[in-house]
Amino acid sequence: GNDCADIGDDYCEHLYEIALPVERWENDYLAKNNRLVDLQRGEGLERNYYRVVIAQDDTNLWVNGTLAGSSRNAGDVLTFSPESFPFGTDLLKHFSSDKPIAVAQFMSSLCDEWPFDPGCSNFLDTFVPGDASMANLVPTGRFPRTYRFENGGFAITKAVNVVALTADAASSSVIVDGTPVPPA
């Protein structure tokens, strides 16, 4: 964990995650960029950062089918920011490699999303999800067939990003609160 991480906004954020053991790392990951929404101005900016850790020497990494790192060594860390991401602005990111990797996604905070809100003090007038967060991605080979989650009821707005196999989405197998979700 980190007691004071800066995810693009010069603010101190507390980020903690439990990492999978290296033996559980795999070579195929999917990530969905967050789309933040300002209730008064419409859809907002995406500020997602990714960090990939290499497990073995001589590893090749692809992002959305484009070679992003060749012959990388164990312990190498590759960081992709919105400004430096050379693989398109697609909402869906596909990280693949020929040897095991771990991928973490970092979502920036409210202040990074809305630089036109001085000091980010006008929370209710310019609403986007608040603090920065981090998620270690689950390899696609370890996706469970069902998920259960809840938010506890304290957030003003609740959202979830769902990444599903095309076949599951096309067959209406993706169900949220009892309602099939059509493919995007």
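This text follows the structure it describes.
Please read all numbers here as calculations on a predicted model, not as lab measurements.

**Q** Explain the pattern of salt bridges to me, please; I cannot follow it from the model alone.
**A** Any two side chains of opposite charge can pair if their charged atoms end up close together. Scanning the entire structure with this criterion turns up 2 salt bridges. Close ionic contact of Glu26 with Arg142 constitutes a salt bridge, the shortest N to O distance being 3.0 Å. Remark: Arg142 occurs in the loop between strand E11 (133-136) and helix H2 (166-170) and Glu26 occurs in strand E3 (residues 26-32); sequence separation between them is 116 residues. Between Arg72 and Asp76 there is a salt bridge, with the nearest N and O atoms lying 3.2 Å from each other. In this structure Asp76 comes out as partly exposed when scored by relative accessible area, which is 22%.

**Q** Is there a simple way to explain unusual backbone geometry in this structure?
**A** The phi angle of most residues is negative, glycine excepted, and most peptide bonds adopt the trans form. In this structure, Asp58 is a non-glycine residue whose phi angle is positive, near 60°. Along the polypeptide, Asp58 turns up in the loop between strand E6 (48-54) and strand E7 (59-63). One non-glycine residue, Asn64, lies in positive phi territory at about 50°. With respect to the helices, strands and loops of the structure, Asn64 is situated in the loop between E7 and strand E8 (66-72).

**Q** Looking at this structure, I do not really get the environment of Val77. What am I missing?
**A** Along the chain, the position of Val77 falls in strand E9 (residues 77-80). Linking Val77 and Ile54, residues 23 residues apart in sequence, is a C-alpha distance of 6.5 Å. Excluding residues within four positions of it along the chain, Val77 makes contact with Arg51, Val52 and Val53.

**Q** Any chance you could explain the packing of aromatic side chains here in plain terms?
**A** Two descriptors summarise a pair of aromatic rings, namely the distance from one centre to the other and the angle between the planes of the rings. All chains considered together, the criterion is met by 2 aromatic pairs. Ring plane angle 50° and centroid distance 5.3 Å describe the contact between Tyr50 and Phe95, whose orientation is recorded as tilted. You can see Tyr50 sitting in strand E6 and its partner Phe95 sitting in strand E10 (residues 92-107), a full 45 residues away along the chain. Residue Tyr50 shares its accessibility class with Phe95, and that shared class is buried. Ring centres 6.3 Å apart and planes at 50° place the aromatic pair Phe80 and Phe95 in the tilted group. Within this pair, whereas Phe80 is found in strand E9, its partner Phe95 is found in strand E10, the two being separated by 15 residues in sequence. Residue Phe80 is classed as buried on the basis of its relative accessible area of 6%.

**Q** Just checking my understanding: could you explain the pairing of E6 for this structure?
**A** Put simply, side chains in a regular strand alternate between the two faces of the sheet. The element E6 is extensively covered by neighbouring structure, given that 5 of its 7 residues are classed as buried. Looking at chain direction, E6 and E10 are connected through 7 bridges and run antiparallel. Across the sheet, Tyr50 pairs through a bridge with Gln105, a residue of E10. With 4 bridges joining them, E6 and E9 adopt antiparallel strand pairing. Counted as the bridge partner of Val53 is Val77 from E9.

What counts and how
- Residues numbered from 1 in each chain as written.
- Predicted model: local features only at pLDDT ≥ 70, side-chain atom pairs only at ≥ 80, totals over all residues.
- Heavy atoms only, no water.
- Salt bridge = Lys/Arg side-chain N within 4 Å of Asp/Glu carboxyl O.
- Helix = DSSP H or I, 4+ residues; strand = E, 2+ residues; numbered from the N terminus.
- Buried < 20%, exposed > 50% of the residue type's maximum accessible area, 1.4 Å probe, protein only.
- Contact = heavy atoms within 4.5 Å.
- Phe/Tyr/Trp six-rings, centres within 6.5 Å; stacked < 30°, edge-to-face > 60°.
- Pairing = 2+ DSSP bridges.

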